[in-house]
Amino acid sequence: MSRHFPTEPDFNPQETTALTAPHPGIDPAVEISGEITAWYLRNSEEFAAGDLLYQITWPGLVIDVSAETSGLLVRILAKLRDPVEPGQQVALVQLTNTV
């Protein structure tokens, strides 16, 4: 797959979608914190459905998060080693219309 790296992302903030940290699957009432341990893309990079986006590590669990659809990574909000909680926004993406 070819990658596209525009110097200035041309996007409308109203058309962006937030990627949120997944819940690690334990009791939702339990407070838990993890951290971003890898980003597989950079800002302004396009991705396809199935591409790995980032990795998050919870105590005792590592999750590689894949794209469900194609799009453009507009902005990374959670940097490497940043602490994150389930449901926290980690990036903004612009999804590609797949009609």
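Our structure is the block above this text.
Residues numbered from 1 in each chain as written. Predicted model: local features only at pLDDT ≥ 70, side-chain atom pairs only at ≥ 80, totals over all residues. Heavy atoms only, no water.

**Student:** Just checking my understanding: could you explain the overall build of the protein chain for this structure?
**Tutor:** Scanning the protein chain for helices and strands turns up zero helices and eight strands. Secondary structure elements in the protein chain, listed N-terminal to C-terminal, are β-β-β-β-β-β-β-β. Residues counted as buried form 35% of the 99 residues belonging to the protein chain. Residue pairs in contact within the protein chain that sit at least 24 positions apart in sequence constitute 64% of those at least 6 positions apart. Accessible area of the protein chain: about 6100 Å², with a carbon and sulfur share of 49%. (Helix = DSSP H or I, 4+ residues; strand = E, 2+ residues; numbered from the N terminus. Buried < 20%, exposed > 50% of the residue type's maximum accessible area, 1.4 Å probe, protein only. Contact = heavy atoms within 4.5 Å. Areas by Shrake-Rupley, 256 points an atom, 1.4 Å probe, with all protein chains shown as cover.)

**Student:** Can you help me understand the packing of aromatic side chains in this one?
**Tutor:** The geometry of an aromatic ring pair is captured by the separation of the ring centres together with the interplanar angle, meaning the angle of the planes. Within the structure shown, the criterion is met by one aromatic pair. Note on tryptophan 39 and tyrosine 54: the rings are 5.0 Å apart at their centroids and 40 degrees apart in plane angle, and the pair reads as tilted. Of this pair, tryptophan 39 sits in strand S2 (residues 34-39) while tyrosine 54 sits in strand S4 (residues 52-58); the two residues are 15 residues apart in sequence, bridging distant segments of the chain. Of the residues examined, tyrosine 54 reaches a relative accessible area of 1% and is grouped as buried. (Phe/Tyr/Trp six-rings, centres within 6.5 Å; stacked < 30°, edge-to-face > 60°.)

**Student:** Explanation requested: unusual backbone geometry in the structure shown.
**Tutor:** Only a minority of non-glycine residues have a phi that is not negative, and only a minority of peptide bonds are not trans. In this model, serine 44 sits at a positive phi of 75 degrees, which is unusual for a non-glycine residue. The residue serine 44 is located in the loop between S2 and strand S3 (45-47) in this model. Look at serine 44 and you get buried, because its relative accessible area is 8%. Of note, the phi angle at arginine 81 is positive, near 70 degrees, even though the residue is not glycine. Mapping arginine 81 onto the fold places it in the loop between strand S6 (71-76) and strand S7 (83-84).

**Student:** Just to check I follow, could you spell out the nonpolar core for this structure?
**Tutor:** A general feature of soluble globular proteins is that nonpolar side chains tend to end up buried together. Counting residues in each nonpolar core, the largest one holds 21 residues, and the members touching the most others are Ile36, Tyr54, Ile56, Val84 and Val90. Taken together, the elements giving at least two residues each to this core come down to S2, S4, strand S5 (61-66), S6 and strand S8 (89-95). Per-element tally for this core: the top contributor is S4, with four residues. Apart from residues lying up to four places away in sequence, isoleucine 56 is in contact with Ala21, Pro22, Glu35, Ile36, Thr37, Leu61, Val62, Ile63 and Val84. (Core = buried A, V, L, I, M, F, W, Y, C linked by side-chain atoms within 4.5 Å.)

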